[in-house]
Amino acid sequence: MKIALIFLAFLTLASCSTPPDLDAIQTRFETDTTPYEKLTAMVTEDFQGEYCFSVGIDIIGGFREYSGEWSHTQNHESTLSLSQVLKDVSIPENKYKSYLALFKTTQTERVTFCPPSKYYIMAHRSGLGISGCLLDIVKGITPPAAYGKRNNGEDFMEVRVLKNGWWMEYKCS
């Protein structure tokens, strides 16, 4: 019973985070697109393979950070240092520091390149994997259609078209 109450309290807190200020994020983006363009150029340069490739504060390629230690998504038992991960994905430490500086400037936390030409820059996430919200600043071919309505108790996605082939996708489930 005690464990169930703790889980419910955690679930409630995780799902009740403050939604992002889309106007402020849009203004920050449209004021200076240069750092966003730098992030997409860097991840394109570091891209390896035919599937999506991400670099972020908690993910680099096939590696994830958990409580200060890194492990491969296919082998959670073995832990690695950040230096080992960067060596494995062929990203120099000074370049990763450049990613981190750009994340700080843009107030984002991850950039993903999905070939042939779609980029996602994670600007907000909240909730749990099965129920939560995600805001991506996206560059690609065509924005998707929005669906659902915010605060209507259903899944939704808002899309805001930005400039130069960029848009924002804010979706919650």
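Reading the values: rules and limits
- Residues numbered from 1 in each chain as written.
- Predicted model: local features only at pLDDT ≥ 70, side-chain atom pairs only at ≥ 80, totals over all residues.
- Heavy atoms only, no water.
- Helix = DSSP H or I, 4+ residues; strand = E, 2+ residues; numbered from the N terminus.
- Expected span 1.5 Å × (residues − 1).
- Buried < 20%, exposed > 50% of the residue type's maximum accessible area, 1.4 Å probe, protein only.
- Arc of directions from axis to C-beta.
- pLDDT = per-residue confidence, 0-100.
- Contact = heavy atoms within 4.5 Å.

Moving on, we come to helix 5 (residues 93-106). Spanning 14 residues, helix 5 covers 20 Å between terminal C-alpha atoms, matching the ideal 20 Å at 1.5 Å per step. Of the positions making up helix 5, those classed as buried are Lys-95, Tyr-96, Tyr-99, Leu-102, Phe-103 and Thr-106. Along helix 5, the residues classed as buried sweep out an arc of 115° about the axis, all on the same side. Residues of helix 5 that are exposed and point over 90 degrees away from its buried face: Asn-94, Lys-97 and Lys-104.

Moving on, we come to the confidence of the model for the protein. In the predicted model, the protein carries a mean pLDDT of 86, and the fraction of residues at 70 or more is 90%. When mean pLDDT is compared element by element in the protein, helix 5 scores highest at 97, while helix 1 (residues 2-15) scores lowest at 39. Between residues 1-15, whose pLDDT stays under 50, and residues either more than four places distant or in other chains, the model counts five contacts.

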